[in-house]
Amino acid sequence: SIIQIAATVGGTVIGAEPSLHLYQLSIPCNGATGVESAVATLAATKGVVAASSNFMLKLAAITPNDNFYANQWALQHVRADEAWLIARDNRIESDRTGQGKWLAGFCTGGAERHLPFAPAARACDNHAFLPVATNIMSTHDADLLPALQDENHIIAERREKLAQWRASGQAYPNDFARENTAGKLDELYGDKDAEALEATPVAVKVAGRIMLKRLMGKASFVTIQDLSGRLQLYVGLDAVGEEVYADFKRWDIGDIVGCAGTLFKTRTGELTVKAETLRLLTKSLRPLPDKFHGLTDTEAKYRQRYVDLIMSEASRFTFAARSRLVQSLRNYMTGHGFLEVETPMMHPIPGGAAARPFVTHHNALDMELYLRIAPELYLKRLVVGGFEKVFEINRNFRNEGLSSRHNPEFTMMEFYEAYANHRSVMDFTEGLIRHAAREALGVETFAYQGRELDLSTPFARLTITGAIRKYHPGFTEAQLADPAWLARKIRDFGETVKPGGIGSLQLQLFEVSTEAGLWEPTFIIDYPVEVSPLARASDRDPEITERFELFIVGREIANGFSELNDPEDQAARFRAQAAAKDAGDEEAMYYDADYIRALEYGLPPTGGCGIGIDRLAMLLTDSPAIRDVILFPQMRGE
């Protein structure tokens, strides 16, 4: 807590805004050296505090000088996600009684307000007032402060323009009907020369966001952007009239305009619309980032995806490609006779995967429900009901950690086919992945993060122990069958050994030693029963299942198996999972009595698979992190 933080330097909290994590500490000290010592002590404590309480500190210290505090600008400002906590004018204004005040600025998106704190202690040589901001995720250099002040000034100016626009009675019209897009016009007329366009005038109506603007007296050029691309407009005083031209000169980069006119080619050969009418449709109150760099802060890209999409053609391409990818998967499935279905997203019993669920409450029914962690059990109920080939592209929710490969809300496609098994499902999955690559990229061999990846050759198939030995030829079969050796080796890789039998230990060693090295597409097969509660046991070895996972570039892309359709075996495995949950395993499955009842009506021999759409999108768009392919990834609160 902040009290504990203060105690580390023998100080007390004398001012607070807890909702903003802003505090003021009074620290006994001996001149400037004492202040520096207090700052150093707190900075050294920061790591401990961060580890225990998820706090980080950023300090702005005021140095004593001749029995009063000199006016000083903040040494630094800090940032919690996108909420700016600015130690803006940490000024102690002392009078002869030693009383003073502390001002801190709080700024979110340009809306700034000041927080006065009145210190209880005297401002004299033997006390220092340290403004402290806690729960800070990252810091920026103090030279960003002028930029923020400039942005606030720009926003204020634009609000004045908006007020004038409102006063005209023409603000935010919705009667402009766009008839043409930039990309289509370039496709149809980009190759025509100036003479052809002049001989046969082409009337167009376009709309878009102003991205570039060049004012040149009585004529100007503007570049607008829509989803399909960019297009230049030529705006002449004679064509649009004095009043419109005067208004146009006051419009800003980022404003959205509508234009009607005719096409022509400039002397440099650029396709351009000669504006005959021009209207402001939407006022942009916030300035766009630098046109050459866009959003350079990665976290800002994720949190303000709308700005990222405006500025980054690469981001627009990524998400358009993702959309095409999902559509290509859907077409592939329906083309192979699968029926697309929808299953519940709120479950009375979470099932279909080993994961910690999100919990919610249904008020009308007064019952606890869980957000879906997987649709598997509902899809297999449909196979019981006679829908023999089904699939669902679905959103799943798992209350787990965040990483470059994990987001708590993610997209999967799961499919199930009666009278199929894990081998035929592997074959189908392999064809599906190749199809997705061809649809997205036009090729089956491409580079991912600078390294070549070949999907055209048959995917390798290795057992867990076979994969370990391939990448670690020094490990012997005898060692891989020795639980004590496996546990020791797992610890050698820096991981904690989870309880389990020989199969679980082999899987743990595979995950820490081998998984990341599976660059080329590889099916890992023969998973142990103890970690595969929904998969059918192998006829040749009851300790393993007919299960596979597909790895590409060291990441799991798909997971499938021959489905367990023996209701008594499934009930026994559910009971084992329930016992594990009672013993403290939060990711173990619940006992699902209704699913057992469905199996008792008879599930035909069935094969199924789940494919991670987000990770597949990462692969096919050359994206290093899952947040790069999710439009609005989960972030810490602002």
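Residues numbered from 1 in each chain as written. Predicted model: local features only at pLDDT ≥ 70, side-chain atom pairs only at ≥ 80, totals over all residues. Heavy atoms only, no water.

Participant: So, the nonpolar core: which residues are in play, and what are the values?
Facilitator: Ranked by size, the top nonpolar core spans 43 residues in total, and within it Met-333, Met-413, Phe-415, Ile-552, Ile-611 and Leu-616 carry the most contacts. The element that contributes the greatest number of residues to this core is helix H12 (residues 422-441), accounting for 7 residues. Within the second largest apolar cluster, 29 residues are counted, among which are Leu-185, Tyr-189, Cys-259 and Leu-278. (Core = buried A, V, L, I, M, F, W, Y, C linked by side-chain atoms within 4.5 Å. Buried < 20%, exposed > 50% of the residue type's maximum accessible area, 1.4 Å probe, protein only. Helix = DSSP H or I, 4+ residues; strand = E, 2+ residues; numbered from the N terminus.)

Participant: I'd love a proper account of the environment of Phe-632, names of residues and values included.
Facilitator: Relative to the assigned elements, Phe-632 resides in the segment after helix H19 (613-620). We classify Phe-632 as exposed; its relative accessible area is 58%. The sequence separation of Phe-632 and Gln-304 amounts to 328 residues, and the corresponding C-alpha distance is 8.4 Å.

Participant: Quick one: what's the story with unusual backbone geometry, residue by residue and with numbers?
Facilitator: Within the chain, Val-553 stands out as a residue other than glycine whose phi angle is a positive 50°. Following the sequence through the fold, Val-553 ends up in the loop between strand E27 (547-552) and strand E28 (555-562). In the Ramachandran plot, Asp-622 falls in the positive-phi region, its phi being about 55° despite a non-glycine side chain. By the element assignment, Asp-622 lies in the segment after H19.

Participant: Explain the packing of aromatic side chains to me, and be specific about the residues and the numbers.
Facilitator: One pass over the full model with this rule turns up 17 aromatic pairs. Centre to centre, the rings of Trp-165 and Tyr-172 are 5.1 Å apart; their planes meet at 50°, and the pair counts as tilted. The buried category is assigned to Trp-165, whose relative accessible area is 11%. The interplanar angle of 70° and the centroid separation of 5.6 Å between the aromatic rings of Phe-510 and Phe-551 together place this pair among those described as edge-to-face. Of this pair, Phe-510 sits in helix H16 (residues 502-513) while Phe-551 sits in strand E27, placing them 41 residues apart in sequence. The buried category is assigned to Phe-510, whose relative accessible area is 0%. (Phe/Tyr/Trp six-rings, centres within 6.5 Å; stacked < 30°, edge-to-face > 60°.)

Participant: Go over the packing of helix H10 (residues 313-335) against H19, please, and point to the residues and values.
Facilitator: Between H10 and H19, whose axes approach to 10 Å, the crossing angle comes to 120°. Viewed along their axes, H10 and H19 adopt a mutual orientation that is oblique. The way H10 lies across H19 gives a crossing that is right-handed. Counted together, Arg-322, Leu-325, Val-326 and Leu-329 of H10 and Ile-613, Asp-614, Leu-616, Ala-617 and Leu-620 of H19 form the full contact between these two elements. For the contact of H10 with H19, a count of residues per class yields 7 nonpolar, no polar and 2 charged. (Axes fitted to C-alpha atoms, helices over the stretch in contact; angles between N-to-C directions. Parallel < 35°, antiparallel > 145°, perpendicular 65-115°, else oblique. Left-handed = near helix turned anticlockwise from the far one by under 90°. Contact = heavy atoms within 4.5 Å. Nonpolar A, V, L, I, M, F, W, Y, C, P; charged D, E, K, R; others polar.)

Participant: Which residues make up the pattern of salt bridges, and what values do they have?
Facilitator: For the structure on display, the rule yields 30 salt bridges. One salt bridge connects Lys-283 with Asp-255, and the closest N-O pair in it is separated by 2.9 Å. With Lys-283 in the loop between strand E16 (271-282) and helix H8 (298-303) and Asp-255 in the loop between helix H7 (242-250) and strand E15 (256-265), this pair connects stretches of sequence that are 28 residues apart. Lys-283 sits in the buried class, given a relative accessible area of 7%. The buried category is assigned to Asp-255, whose relative accessible area is 0%. A salt bridge links Glu-392 to Arg-372; the nearest nitrogen and oxygen atoms lie 3.2 Å apart. (Salt bridge = Lys/Arg side-chain N within 4 Å of Asp/Glu carboxyl O.)

Participant: Tell me about the sheet that holds strand E26 (residues 522-525), and name the residues and values.
Facilitator: Spatial ordering of the open sheet is given by E17-E21-E22-E29-E28-E27-E26-E25, a layout of 8 strands whose pairing is mixed. At either margin of the open sheet sits one strand with a lone partner, and together these are strand E17 (339-340) and strand E25 (460-463). Across 5 bridges, E28 lies against strand E29 (residues 606-612) in antiparallel orientation. From the neighbouring strand, Ser-562 faces E29, where its bridge partner is Gly-607. Docked against the sheet, H12 engages strand E22 (409-418), E25, E26, E27, E28 and E29, running at close to 20° with respect to E27. (Pairing = 2+ DSSP bridges.)

Participant: Can you tell me about the pairing of E29, naming the residues and giving the values?
Facilitator: Among the 7 residues of E29, 7 are classified as buried, and the element is accordingly described as predominantly covered. Because side chains alternate across E29, one face comprises the buried residues Thr-606, Gly-608, Gly-610 and Gly-612, and the other comprises Gly-607, Cys-609 and Ile-611, equally buried. Here E22 pairs with E29 via 7 bridges, running antiparallel. Across the sheet, Glu-414 pairs through a bridge with Gly-610, a residue of E29.

Participant: Describe helix H15 (residues 483-492), naming the residues involved and giving the relevant values.
Facilitator: Because each turn of an α-helix spans 3.6 residues, side chains separated by three or four positions in sequence point in the same direction. Looking only at H15, the buried set comprises Trp-485, Leu-486, Ala-487, Lys-489 and Ile-490. If you follow the buried residues of H15, they end up packed against helix H14 (477-480) and H16. The opening residue of H15 is Asp-482, an N-cap whose side-chain oxygen sits 3.0 Å from the backbone nitrogen of Ala-484. Downstream of H15 by one or two residues, Gly-494 has phi in the positive range, about 85°. (Polar contact = N/O pair within 3.5 Å; in protein donor to acceptor, adjacent residues only side chain to side chain.)

Participant: How would you explain the sheet that holds strand E19 (residues 359-362) if you had to name every residue and give the values?
Facilitator: Read across the open sheet, the 3 strands follow the order E18-E20-E19; overall the sheet is antiparallel. Looking at strand neighbours, the two that pair on one side only are strand E18 (346-347) and E19, the edges of this open sheet.

Participant: Explain helix H18 (residues 593-601) to me, and be specific about the residues and the numbers.
Facilitator: Buried within H18 are the following residues: Tyr-595, Ile-596, Ala-598 and Leu-599. One side of H18 carries all its buried residues, which in axial view fall inside an arc of 155°. Residues Glu-600 and Tyr-601 are exposed on H18 and point more than 90 degrees away from its buried face. Residues of H18 that are buried in the fold lie against helix H11 (376-384) and helix H17 (567-582). Between a side-chain oxygen at the N-terminus of H18 and the backbone nitrogen of Asp-594 the separation is 3.2 Å; the capping residue is Asp-592. At the C-terminal side of H18, Gly-602 shows a positive phi close to 110°. (Arc of directions from axis to C-beta.)

Participant: Before we move on, can you summarise the pairing of strand E14 (residues 229-236) with the specific residues and values?
Facilitator: Examined bridge by bridge, strand E13 (residues 219-226) and E14 share 8 bridges and lie antiparallel to one another. Looking at the pairing, Ala-219 lines up with Gly-236 of E14. Two successive antiparallel strands, E13 and E14, enclose a turn made up of 2 residues. Judged from the 3 bridges that link them, E14 and E16 form a sheet pairing that is parallel.

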